[in-house]
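A closer look at the structure
Each chain, letter by letter, is given below.
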Amino acid sequence: MKVLVGIAVLLAFTGAHAKTPHVNDGVLVDDDGMTLYTFGGSGPPDPKSCEGDCARNFPPALAAPGDRPSSEFTLVPMANGTSQWAYEGKLLYRGLMDKKPGDRHGDGLNQVWHTVQP
């Protein structure tokens, strides 16, 4: 019985600490404080708009197990069984060119990548 209670507490603790993207310094960031981007091009991101491999240069902002949607933040199921965060219906991506929290090197890239400023 103690094991079951311990597991329940651990699951509750894990779920309580899973965070949706949030605003920091005027832009949406992930749990690590890294800037999140949306793609403003027509159709899905392509090698030209991503300057190469999109999955590498602009990986999707994946939700952690236990993350839950909240208000304008939704979770979009992906083919591999994970979920990607979206803000007001727009998918969110991380930018590989950003090396530390606060970097926004992808903003305006190829006129299609933009920070989200709620």
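As shown above, the structure is provided for reference.
Since the model is a prediction, treat every value here as computed from it, not as a measurement.

1. Quick notes on the state of the cysteines
Counting across every chain of the model gives one disulfide. The partner cysteine of Cys50 in its disulfide is Cys54, sulfur to sulfur 2.1 Å. Disulfide Cys50 to Cys54: torsion about the S-S bond roughly 100 degrees, handedness right-handed. Classification of Cys50 by relative accessible area gives buried; the value is 1%.

2. Remarks on the sheet that holds strand 6 (residues 90-91)
The strands that make up a sheet are held in pairs by hydrogen bonds between backbone atoms, and each pair lies either parallel or antiparallel. Strand order in the open sheet made by the three strands is 4-5-6, with antiparallel pairing throughout. Here the strands that pair on one side only, and so sit at the sheet edges, are strand 4 (73-77) and strand 6. Direction of pairing for strand 4 relative to strand 5 (residues 83-87): antiparallel, over a ladder of five bridges. Note that in strand 5 the partner of Thr74 across the bridge is Ala86.

3. Considerations on the packing of aromatic side chains
The tally for this structure, following the rule as stated, stands at six aromatic pairs. Chaining the aromatic ring pairs together yields one cluster made of Tyr37, Phe39, Phe58, Tyr93 and Trp113.

4. Things to note about the side chain of Thr35
Tracing the backbone shows Thr35 in the loop between strand 2 (27-29) and strand 3 (36-39). Relative accessible area serves as the criterion here: at 2%, Thr35 is assigned to the buried category. A distance of 2.6 Å separates a polar atom in the side chain of Thr35 from the backbone oxygen of Asp103. Ignoring anything within four residues of it in the chain, the contact list for Thr35 reads Val27, Leu28, Val29, Tyr93, Arg94, Gly95, Asp98, Gly102, Asp103, Arg104 and Thr115.

5. A few points about the pairing of strand 3
Of the two faces of strand 3, the one carrying Leu36 and Thr38 and the one carrying Tyr37 and Phe39 are both buried. Examined bridge by bridge, strand 3 and strand 7 (residues 93-94) share two bridges and lie antiparallel to one another. What sits directly across from Leu36, in strand 7, is Arg94. As defined by bridge partners, strand 3 adjoins strand 8 (residues 113-115) across three bridges and the pair is classed as antiparallel.

6. Section: the pattern of salt bridges
Enumeration over the complete set of coordinates arrives at three salt bridges. Across the pair Arg104 and Asp25 runs a salt bridge, and its minimum N-O distance is 3.4 Å. You can see Arg104 sitting in the loop between strand 7 and strand 8 and its partner Asp25 sitting in the loop between strand 1 (22-24) and strand 2, a full 79 residues away along the chain. Judged by its relative accessible area of 30%, Arg104 falls in the partly exposed class. For Asp25, a relative accessible area of 66% puts it in the exposed group. As a salt-bridge pair, Asp30 and Arg94 come within 2.7 Å of each other at their nearest N and O atoms. Of this pair, Asp30 sits in the loop between strand 2 and strand 3 while Arg94 sits in strand 7, and the two are 64 residues apart along the sequence. Overall, the relative accessible area of 5% leaves Asp30 in the buried class. On the basis of relative accessible area, Arg94 is assigned to the partly exposed category, the value being 26%.

The rules behind each value
Residues numbered from 1 in each chain as written. Predicted model: local features only at pLDDT ≥ 70, side-chain atom pairs only at ≥ 80, totals over all residues. Heavy atoms only, no water. Disulfide = S-S within 2.5 Å. Buried < 20%, exposed > 50% of the residue type's maximum accessible area, 1.4 Å probe, protein only. Pairing = 2+ DSSP bridges. Helix = DSSP H or I, 4+ residues; strand = E, 2+ residues; numbered from the N terminus. Phe/Tyr/Trp six-rings, centres within 6.5 Å; stacked < 30°, edge-to-face > 60°. Polar contact = N/O pair within 3.5 Å; in protein donor to acceptor, adjacent residues only side chain to side chain. Contact = heavy atoms within 4.5 Å. Salt bridge = Lys/Arg side-chain N within 4 Å of Asp/Glu carboxyl O.

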